[in-house]
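Geometric and topological summary
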Amino acid sequence: MSDKRASGRTGTDFIRQIVTAHMGEGRYEGVVTRFPPEPNGYLHIGHAKSLCLNFGIAQEFGGRCHLRFDDTNPETEELEYVEAIQGDIRWLGFDWGDHLYFASDYFERMYECAVVLVRKGLAYVDSSTEDEIREARGTVTEPGRPTRYRDRSVEENLDLFRRMRAGEFADGAHVLRGRIDLASPNMLMRDPVFYRIRHAHHYRQGDAWCIYPLYDYAHCLEDAFEGVTHSLCTLEFDNNREIYDWILDNVGFEEPRTHQYEFNRLNLEYTVVSKRKLRPLVESGYLAGWDDPRMATLAGLRRRGVPPEAIRLFADMVGVAKTESWVDPGKLEFATRDVLNRSAPRVMAVLDPLKLMITNLDEDAVEDLEAPYWPEDIPREGSRTVPFCRELLVERADFAEDPPKGFRRLVPGGEVRLRHAYVVRCDEVVKDPEGRVLELRCTYDPATRGGTSGGRRGIGTIHWVSARHALQAEVRLYDRLFSIPDPEELPDGGDLTDNLNPESLVVMRDARVEPSVAADAADTRYQFERTGYFWRDPVDGAGDALVFDRIVTMKDTWGRRLVAEPGSFSLRGGTAELKMETHPPVVTATGTGGDDVSPEARGAAQGARPQPSRERAGKRRADPELAVRMQRYVDELGLSSEDADVLTGTRAFSDFFEAALAEHAEAAVVASWMVNDLRGVMQGRAVEDLPFGGAELGRLAGLVGAGTVSRRAAKDVLAEMAEKGGDPVAVVARLGLEKLDDASALDAVVREVLAAWPEKVADFRAGKENLLGLFVGEVMKATRGTADPKAARARLLERLRAGS
RNA sequence: UGGCCCGUCGUCUAAUGGCAGGACACCGGUCUUUGGAACCGGCGGUGGUGGUUCGAAUCCACCCGGGCCAACCA
């Protein structure tokens, strides 16, 4: 395994930063991630993000990514899904090599781990009913209570657990629970169930087992067994991390072991991925299946023709963070167009044909025109011939008798260029008795062969096919399945179908495609010029029938304009987009979820005084001495009540403060160090676990007060003390952080800094004065924080002003 | 309501005490044999109030808002 990072994209998201840090410090030999699907459904776009993250990190860091089926629930899992999932992952472009695993293969080892916990008294067999257990677990505000089985002996637990495995009991008769903490504020720690009895047939294990482990127990062990280093999951598993660590630590896995990190899952607007919610749509036949091209499943996207590269690009664009995100599907569309623009040959197809007769051409004349597959800005070679003759078909939407302003297509008496062919003029419009346009009679200008303009300016271009030569085809125009950004936001008493976009599928049954496509591979992705990207439907278009799916529309600046001009129409634009304009999406039905705060609430927030925290107030009630101290800090020491509140949050913190005060009597200064700085370096530790005491902090404050150390450098000293302990005087000496008092030395640094940033200096002199912070920062950096920032600032200003 | 997580342009995401940047979307322009692509420009943001600091999106406190957790699902 190489420790060199693979070349290519190196993201800077927080997970990659953690991995980078771990690799830098040599914590693991190599990065091992995993993608752990449960084989009970199809993968969707959200899984794609996780796949890109896990496999991407493995690739970038020269590690590996396991594919592990998390098949611990025999009642929902099937072989069909494990095969489909593997196909989807390969299609997306990822390879797990030899590292294919199944959680069910670990059942024996998991059982042994459970025995270890039972022997340690950390797990017990509970024979309560499911309802009893739930009821005894308490609520988020009330602690749980033990059931009467919690204190069974180790021997009895061992015996019962063995017999559970042996099949002596019925489903639900007993469970194995962790013996952790029934009062934990984290509900998952209230003696979670590790094993349950299910006499069910497992698709891989058959009837070998009748006890099955639950997620929280199984997942961390699976990771640990495989030597996973970074176990990435979505935000909602945040609460599960505590149990993840508890089990691994208590089973005996030592550092460096796997750890769990949570990132934000992908939410796509206008789509739903919930299996449960989508199932009725599939079963009712509204959707053609789990691979319906309108679905956000990988199977659906694949059938639709979205290239896997586009999905990977999309995942990159979306990024990874910890904020709950709702992504506009326009981003996926952009990624799709971006890939297809470079890779899809252009051909012509007419979706809604209108006859166009070239009256100055002989009936049997046929001219083969050469038409390049690529526009000039795509550096690819290749062309096909398209037959040009008397009777043509053009797009009905490309003709208007009464054109909207700015219309650049065919109008009575007007001219238009036929792509790759000739300029034609519309001489006559033939209609049926109802007034419907039947045919356009035009004359062409032979001097404009190949589409040259013949001196005309500002002329439009439309696509066409030869009526005689074109191939008949069915074209399916797909649009977003739902009409509102969050389809799961239901109207009162409504269901998902209320939010369906009625025009998510429009079928053009009598479309015509230029004849050249007959010779192409069936999986060719095309751009039908001016209408969008298409390919043959891999299911219904697999045989002789030409059935095309629209992968994505063209970006449509004209159609966008038309929205503002009622009565107009567009040939490309999605209907949902039009809808969005006419019916602004209702974000919440109740009106409670928006980001607007009522004026009253805002006013109240502004006027609110800082409140002592509930937790600290509670501590002071329990310990009257703390309350006395808080009062004294305010009355005698003159501290703000906020600072006094924080300082008296625990006895230890308050003691620490008093010890510091004994060394340095300026209460406000010491309090500030405690409240604002010390808490920052504690990193979740309790104050009594710090490797230094109050006296040291007091001395540090004294050093700053005496001018021995700048406040800035003192923060670095504090950080060093928090990490390694030590007396501040010694740390200052060791690190060489005494304050820089030499004015000429400071001036030298100031000159160096200004010389190093000539453009910024110019910008500053041109008026961008907030650049001063940059310069001060550079001086502080150059002096490792030992300069006096005020002096540096003054000197910088002097030189900056002098030079203007 | 107890605990945990999270608040940066409309959306997604950078900035790890020192220049608030990028992408999508939107608007305008150039170019164009696709109303595409490309190129140029514009719009637009640190939830609030205090505090610490020479300097705060970043550290501290409080408030507000959003999410997750009380399956023998994952």
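Residues numbered from 1 in each chain as written. Chains lettered and ligands numbered in written order. Predicted model: local features only at pLDDT ≥ 70, side-chain atom pairs only at ≥ 80, totals over all residues. Heavy atoms only, no water.

**Some thoughts on the protein's contact with RNA strand B**
What surrounds RNA strand B is a group of 100 residues, the closest being Q17, R196, G450, Q527 and K760. For RNA strand B, the backbone portion of the atoms within 4 Å of the protein, that is sugar and phosphate, comes to 62%. A distance of 2.8 Å is found between a base nitrogen of RNA strand B and a backbone nitrogen or oxygen belonging to G773. Here the surface near RNA strand B gets five residues from one element, more than from any other, and that element is helix α26 (residues 772–782). Partitioning the surface near RNA strand B into residue classes produces 32 nonpolar, 32 polar and 36 charged. (Near = heavy atom within 4 Å. Polar contact = N/O pair within 3.5 Å; in protein donor to acceptor, adjacent residues only side chain to side chain. Helix = DSSP H or I, 4+ residues; strand = E, 2+ residues; numbered from the N terminus. Nonpolar A, V, L, I, M, F, W, Y, C, P; charged D, E, K, R; others polar.)

**Section: the side chain of D537**
Of note, D537 is situated in the loop between β26 (532–536) and β27 (547–552). Looking at D537, its side chain comes within polar contact range of the main-chain nitrogen of V539, at 2.9 Å.

**Notes on the nonpolar core**
Counting 41 residues, the largest nonpolar core has I45, L51, F55, I89, L298, I311 and F314 as the members making the most contacts within it. The contact partners of L51, leaving out residues within four places of it in the chain, are F35, L43, G56, I89, L92 and F94. Among the nonpolar cores identified, the runner-up in size contains 38 residues, and C113, V115, Y212 and F225 belong to it. (Core = buried A, V, L, I, M, F, W, Y, C linked by side-chain atoms within 4.5 Å. Buried < 20%, exposed > 50% of the residue type's maximum accessible area, 1.4 Å probe, protein only. Contact = heavy atoms within 4.5 Å.)

**Here we look at unusual backbone geometry**
Residue P256 is bonded to the preceding E255 through a cis peptide linkage, with omega at 0 degrees. Mapped onto the elements, P256 comes out in the loop between α8 (241–251) and β9 (259–263). Non-glycine residue D191 carries a positive phi angle of around 50 degrees. With respect to the helices and strands, the residue D191 is situated in the loop between β5 (175–178) and β6 (193–197). Residue D191 is classed as buried on the basis of its relative accessible area, which comes to 0%. For R530, which is not a glycine, the phi torsion comes out positive at approximately 75 degrees.

**Looking at the packing of aromatic side chains**
Applying the stated criterion across every chain, the model contains 27 aromatic pairs. With 5.4 Å between their ring centres and 70 degrees between their planes, Y106 and F225 make a pair best called edge-to-face. Here F225 lies in helix α7 (residues 215–226) and Y106 lies in the loop between β3 (100–102) and α4 (107–119), a separation of 119 residues in the sequence. By the burial criterion, Y106 is buried, and F225 matches it. One aromatic cluster is present, built from ring pairs that chain together F107, Y111, F161, F194, Y195, W209, Y212, Y217 and W246. Sitting over the ring of W535, R525 keeps its end group 4.7 Å from the ring centre. (Phe/Tyr/Trp six-rings, centres within 6.5 Å; stacked < 30°, edge-to-face > 60°. Lys NZ or Arg CZ within 6 Å of the ring centre and 35° of its normal.)

**Structural notes on the pairing of strand β24 (residues 505–513)**
Judged from the two bridges that link them, strand β13 (residues 349–350) and β24 form a sheet pairing that is antiparallel. Residue pairing across strands places V350 opposite R512, the latter belonging to β24. Pairing geometry for strand β23 (residues 471–478) and β24, over seven bridges, is antiparallel. Considered in β24, the bridge of L477 is made with V506. (Pairing = 2+ DSSP bridges.)

**Topic: the pairing of β6**
A regular strand carries its side chains on alternate faces of the sheet. β6 sits mainly inside the fold: five of its five residues count as buried. Alignment of β5 against β6, held across three bridges, turns out to be antiparallel. Paired with R177 across the strands is V193, a residue of β6. Across three bridges, the pairing between β6 and strand β7 (residues 211–213) is antiparallel. Paired with I197 across the strands is I211, a residue of β7.

**A short note on helix α23 (residues 728–735)**
Turn by turn, an α-helix covers 3.6 residues, leaving residues three or four places apart pointing in a common direction. Of the residues making up α23, those classed as buried are P728, V731 and V732. Looking straight down α23, one finds that the buried residues subtend no more than 100 degrees of arc, so they occupy a single side. On its buried side, α23 packs onto α21 (694–705) and α22 (711–724). Residue D727 occupies the N-cap position of α23, its side-chain oxygen lying 2.9 Å from the main-chain nitrogen of V729. G736 sits one or two residues past α23 and shows a positive phi near 65 degrees. (Arc of directions from axis to C-beta.)

**As for the side chain of E439**
Turning to its location among the elements, E439 is positioned in strand β20 (residues 437–445). One polar contact links E439 to R441, side chain to side chain, over a distance of 3.1 Å. For E439, the contacting residues outside a window of four places in its chain are L354, K355, M357, E428, V429 and V430.

**Quick notes on the sheet that holds strand β4 (residues 123–126)**
Strand order in the open sheet made by the four strands is β4-β5-β6-β7, with antiparallel pairing throughout. The outermost strands of the open sheet, each flanked by one partner alone, are β4 and β7. The average undirected angle you get between the axes of adjacent strands in this sheet is 20 degrees. Strand contacts of helix α6 (residues 154–166): β4, β5, β6 and β7, with the helix running at about 65 degrees to β4, the strand carrying the most contacts. (Axes fitted to C-alpha atoms, helices over the stretch in contact; angles between N-to-C directions.)

**Focus on the sheet that holds β3**
Spatial ordering of the open sheet is given by β1-β2-β3, a layout of three strands whose pairing is parallel. Two strands bound the open sheet, and with one partner strand each, they are β1 (32–35) and β3. Going across the sheet, the axis of each strand differs from the next one's by a mean of 35 degrees, ignoring polarity. Of the strand pairs in this sheet, strand β2 (residues 64–69) and β3 are connected by three bridges, and their pairing is parallel. Bridge pairing in β3 links F69 to F102. Those strands touched by α7 are β1, β2 and β3, and its axis lies near 140 degrees from that of β2.

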